[in-house]
Amino acid sequence: MELVQMQKSLQDYTKSLFLDGVLDSQFLQLQQLQDESNPDFVSQVVTLFFQDSDRILNDLSLSLDQQVVDFKKVDPHVHQLKGSSSSIGAQRVKNACVVFRNFCEQQNVEGCHRCLQQVKKEYYLVKNRLETLFKLEQQIVASGGMIPAMELGF
């Protein structure tokens, strides 16, 4: 694929992430922190988010599978996931965590189980979509191109 076409594909793909509500403007702010001195900043931050989120989701599953659910342990995990997803712009994960926290406050085990499934669904969606985004970026750089700047003016 020609470089200009790859850059256009990247822009279209990135735009779809915002239009689909997968990402919000926080992701653009994260991208603005990346420069020549740290060209992998965004992918490193997002990789840490993935590692942390995998651990949190596992901990949440274990906590909710207990005979007696300790909501004082569940809620901080949901709060942490909400904060970290918000910091990278993973809007749908963050929004699912808001609903999840409401069920934690109500100590509604069934509601928490449903929310955990929804959070996992949104998390795996954003993970898959961001991994694809990073692969597109890597292809452009490997072809000697620059990553085009993205703005929310669409």
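Quick look at the structure, then. The written sequence of each chain sets the order in which its residues are numbered from 1. This being a predicted model, a pLDDT of at least 70 is required before a residue's local features are given, and a value of 80 or more before pairs of side-chain atoms are given or counted; all residues contribute to the totals for chains, interfaces and linings. Side-chain numbers here rest on the full set of heavy atoms in the structure, without hydrogens or water.

A short note on helix 3 (residues 41–64)
Okay, step 1: Here helix 3 is 24 residues long and its end C-alpha atoms lie 34 Å apart, about the 34 Å a rise of 1.5 Å per residue gives.
Okay, step 2: Three labels apply to residues, based on accessible area from a 1.4 Å probe with only protein chains included: buried if under 20% of the type maximum, exposed if over 50%, partly exposed otherwise in between. Helix and strand assignments come from DSSP, with helices taken as H or I runs of at least 4 residues and strands as E runs of at least 2, each series counted from the N terminus. Buried residues of helix 3: Val42, Val46, Phe49, Phe50, Ser53, Ile56, Leu57, Leu60, Ser61, Ser63 and Leu64, and no others.
Okay, step 3: On the buried face of helix 3, the contacting elements are helix 2 (25–32), helix 4 (71–88), helix 5 (91–105) and helix 6 (109–142). The length a helix should cover is 1.5 Å for every residue beyond the first. The contact definition used throughout considers only heavy atoms, calling two residues in contact when any of these lie within 4.5 Å.

Regarding the nonpolar core
Okay, step 1: Only buried Ala, Val, Leu, Ile, Met, Phe, Trp, Tyr and Cys residues count toward a nonpolar core, and they belong to the same one when joined by side-chain atoms within 4.5 Å. Counting 42 residues, the largest nonpolar core has Phe27, Val46, Phe100 and Leu130 as its most contacted members.
Okay, step 2: Of all elements in the fold, only helix 1 (3–19), helix 2, helix 3, helix 4, helix 5 and helix 6 reach the threshold of two or more residues within this core.
Okay, step 3: Residue contributions to this core peak at 10 residues, all from helix 6.
Okay, step 4: Each residue touching Leu130, except ones within four places of it in the same chain, is listed here: Leu23, Phe27, Val46, Phe50 and Ile88.

Digging into the pattern of salt bridges
Okay, step 1: For this document, the term salt bridge refers to a Lys or Arg side-chain nitrogen within 4 Å of an Asp or Glu carboxyl oxygen. Applying the stated criterion across every chain, the model contains eight salt bridges.
Okay, step 2: Asp52 is paired through a salt bridge with Arg55; the nearest N and O atoms lie 2.5 Å apart. With a gap of three residues between them, Asp52 and Arg55 both fall in helix 3, about one helical turn apart.
Okay, step 3: The class for Asp52 is partly exposed, based on a relative accessible area of 22%.

Let's talk about the side chain of Ser63
Okay, step 1: For Ser63, the position within the fold is in helix 3.
Okay, step 2: With residues near it in sequence (within four places) discarded, Ser63 still touches Val69 and Val74.

A closer look at unusual backbone geometry
Okay, step 1: Here Gln107, not a glycine, exhibits a phi torsion of approximately 55°, which is positive.
Okay, step 2: Here Gln107 is to be found in the loop between helix 5 and helix 6.
Okay, step 3: By relative accessible area, Gln107 is classed as exposed at 53%.

Considerations on the packing of helix 5 against helix 6
Okay, step 1: Each axis is a line fitted through C-alpha atoms, taken for helices only over the stretch in contact, and angles between the N-to-C directions span 0 to 180 degrees. Running from N to C, helix 5 and helix 6 cross one another at 170°; their axes reach a closest spacing of 9 Å. What the angle tells us is that helix 5 and helix 6 run roughly antiparallel. Across from Arg92, Val93, Ala96, Cys97, Val99, Phe100, Phe103 and Cys104 in helix 5, the residues of helix 6 making contact are Gly111, Cys112, Arg114, Cys115, Leu116, Gln118, Val119, Glu122, Tyr123, Leu125 and Val126.
Okay, step 2: Residue polarity is assigned by list, with Asp, Glu, Lys and Arg as charged and Ala, Val, Leu, Ile, Met, Phe, Trp, Tyr, Cys and Pro as nonpolar; anything else, Gly included, falls into the polar class. Grouping the amino acids of the contact of helix 5 with helix 6 by side-chain chemistry returns 14 nonpolar, two polar and three charged. An angle counts as roughly parallel when it lies under 35 degrees, as roughly antiparallel when it exceeds 145, as roughly perpendicular when it falls between 65 and 115, and as oblique in every other case.

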